[in-house]
Amino acid sequence: MVPEQAADIRLAWPEVGEDELAEVREVIGTGQLTMGPKVAEFESLLAGATGTSHAVAVSSGTAALHVAVLALGIGPGDEVLVPAYTFPATANVVALAGARPVLVDVDPVTMNIDPEDCARRVTGRTKAVLAVHLFGRPARLEELPDVPVLEDAAGALGASHRGRPCGSLGLLACFSFHPRKIVTTGEGGAVTTDDAEIAESIRSLRHHGWSPSAAYVDMPAPAFNYRLSDVLAALGIPQLRRLDTLLAERERVAAGYAERLAHLDVTLPQADAGDRHGLQAYVVQVDRRDEVMAGLRSEGVGCQIGTYALHRLGAYRDQGGFPGADAAFERALALPLHGRLAEADLDRVAAALDKLVSPH
Ligand SMILES: Cc1ncc(COP(=O)(O)O)c(C=O)c1O
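For every chain, the first residue of the written sequence is number 1, and numbering continues from 1 onward in sequence order. Local features in a predicted model are, by the rule used here, given only for residues with pLDDT of at least 70; side-chain atom pairs are given and counted only at 80 or more, and totals for whole chains, interfaces and linings are based on all residues.

**Student:** Explanation requested: helix α1 (residues 18-30) in the structure shown.
**Tutor:** An α-helical segment advances 3.6 residues per turn. Residues three or four places apart therefore align on the same side. The helix count covers DSSP runs of H or I at least four residues long, the strand count covers runs of E at least two residues long, and both are numbered beginning at the N terminus. Under the convention used throughout, the expected extent of a helix is 1.5 Å for every residue step, that is, one less than its residue count. Under the 1.5 Å per step criterion, the end-to-end length of α1 is 19 Å for 13 residues, consistent within 8% with the ideal 18 Å. Taken from the residues just after α1, G31 is the one with a positive phi, measuring 75°.

**Student:** How should the sheet that holds strand β4 (residues 100-104) be read in this particular structure?
**Tutor:** Strand pairing is defined by DSSP finding a minimum of two bridges between the two strands. Spatially, β1-β10-β9-β6-β5-β2-β4 is the arrangement adopted by the seven strands of the open sheet, whose pairing is mixed. Each having just a single partner strand, β1 (54-58) and β4 make up the two edges of the open sheet. When strand polarity is set aside, the average angle formed by the axes of neighbouring strands in this sheet is 25°. Here strand β6 (residues 149-152) pairs with strand β9 (residues 172-176) via three bridges, running parallel. Looking at the pairing, D152 lines up with C174 of β9. Against the sheet, helix α2 (residues 37-50) contacts β1 and β10 (189-193), and its axis sits at roughly 130° relative to β1. Here, axes are lines fitted to C-alpha atoms. For helices the fit covers the stretch in contact, and angles between N-to-C directions go from 0 to 180 degrees. It is the C-beta atoms, placed from the backbone, that decide contacts: two residues are in contact if theirs lie within 7 Å.

**Student:** Even after reading the chapter, I still don't get the site of the ligand, so can you show me in this structure?
**Tutor:** Placing the C-beta atom from the backbone, one calls a residue near a molecule or strand if that atom lies within 6 Å of it. As a structural note, the neighbourhood of the ligand is formed by 14 residues, with G61, T62, F87, A154 and S176 the closest of them. Those elements that provide at least two residues to the shell around the ligand are α3 (61-71) and α4 (89-96). Any residue outside Ala, Val, Leu, Ile, Met, Phe, Trp, Tyr, Cys, Pro, Asp, Glu, Lys and Arg is labelled polar, Gly included; the first ten of those are nonpolar and the last four are charged. By residue class, the composition of the shell around the ligand is four nonpolar, nine polar and one charged.

**Student:** Quick question: what am I supposed to make of the environment of A350 here?
**Tutor:** Locating A350 in the fold gives a position in helix α11 (residues 343-356). Residues A350 and L264 lie 86 residues apart in sequence; the distance between their C-alpha atoms is 9.6 Å. With sequence-adjacent residues up to four places away left out, A350 is seen in contact with R260 and L261.

**Student:** What am I meant to see in the sheet that holds strand β14 (residues 332-335) here?
**Tutor:** Strand-to-strand pairing in sheets goes through backbone hydrogen bonds, with the strands running parallel or antiparallel. Strand order in this open sheet of three strands is β11-β14-β12, and the pairing throughout is antiparallel. Single-partner strands in this sheet number two, and they are β11 (282-285) and β12 (304-305). Here two bridges tie β12 to β14, and the two strands are oriented antiparallel to one another. Within β14, the position partnered with I305 by the bridge is L333.

**Student:** In this structure, what is going on with the domain arrangement of the chain? I would like to understand it.
**Tutor:** How big an interface is tends to be expressed through the accessible area that disappears when the partners come together. Residue ranges for the domains originate in an automatic or database domain assignment. Domains assigned within the chain are domain 1 (18-241) and domain 2 (243-356). One C-alpha centre belongs to domain 1, the other to domain 2; they are set 24 Å apart. The interface is formed by 35 residues belonging to domain 1 together with 33 residues belonging to domain 2. Secondary-structure elements contributing two or more residues to the side of domain 1 that touches domain 2 are β3 (85-86), β7 (160-161) and α7 (230-241). Split by residue class, the side of domain 1 that touches domain 2 holds 20 nonpolar, eight polar and seven charged.

Have a look at this one:
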């Protein structure tokens with residue numbers, strides 16, 4: 001990310017307070033700081049929110065992606081299709097599993113994976129596509145080629161596509177609870193799935209390889225410690241309970257921006273008709289993005305680039321050109337998005353943008 005100086009209108013502000021403190025205090029009172037009841041409660045709330053049978057909490061979104069890839073037996077010689085415009089962890093976990101992340105271009109407007117380019121890049125070695133609901137915008141998974149679909153739903157908690165929650169659309173889905181996500185545990189992640197065998201495998205992979213169905217006494221294969229502590233799970237519980245309110249607050253801010261920015265030459269974030277955008281971030285697209293970002297910051301408005309074009313990073317520079325990802329990378333700009341933003345704050349952001357961006 002481009003370093004951000006202190007802004008008086010902050011980009012993000014985690015929605016944690018007294019309810020979260022009370023939950024954490026309870027954990028401290030019991031003395032059971034990990035693998036206790038709060039992780040189980042957090043998982044059950046998450047399974048409920050995503051309409052899935054199993055949710056397994058882990059230590060980060062990256063850990064969730066890593067165990068997801070490994071649970072499917074993906075390894076050396078395999079390929080996984082990954083959007084070229086995403087947070088690098090999406091591709092990193094594939095590489096770290098010994099497989100090859102094959103970059104796929106994105107639609108420059110939705111910024112999600114381009115199904116046609118995806119179909120073109122399928123080979124006999126393709127084991128899965130890791131589709132990202134970028135910034136909370138549901139991806140059109142039904143248009144993807146006929147290979148197993150894993151959802152990178154890191155920023156899509158609360159989003160839905162064609163009436164079904166993101167997190168329940170693929171073979172499995174991965175969430176992040178980093179502080180810029182709608183629900184945060186500080187650091188944390190989870191895998192959701194309807195497949196009991198995958199859930200079992202994820203539970204084993206997060207806990208050294210101990211086998212849950214063998215009462216954790218046998219270890220069929222070595223694995224990691226990717227557990228989430230009860231202290232952190234507790235932090236997420238009240239937020240999951242009020243997920244609808246959290247989402248509604250973000251929708252209020254998004255509607256406020258949409259009204260104030262309609263006359264400007266700015267592409268506003270949208271979901272497909274009938275879908276619900278998860279609004280992990282409010283990412284607009286503008287020409288001369290870096291100049292606009294610097295201008296906003298000089299007015300005290302926190303803002304940030306969207307995310308990364310992987311083919312521009314050293315690790316993934318060998319895969320050719322991706323014009324859709326280039327356009328998204330060069331134009332995307334995240335504006336402040338959190339529940340503490342007052343109408344006056346939105347007025348200030350809009351007034352600052354008015355000076356920096358021309359009208360339609
Ligand atoms: C699309 C996407 N995937 C994966 C991750 C990784 O999540 P974490 O930071 O919790 O490891 C992020 C984090 O920002 C993300 O945005």
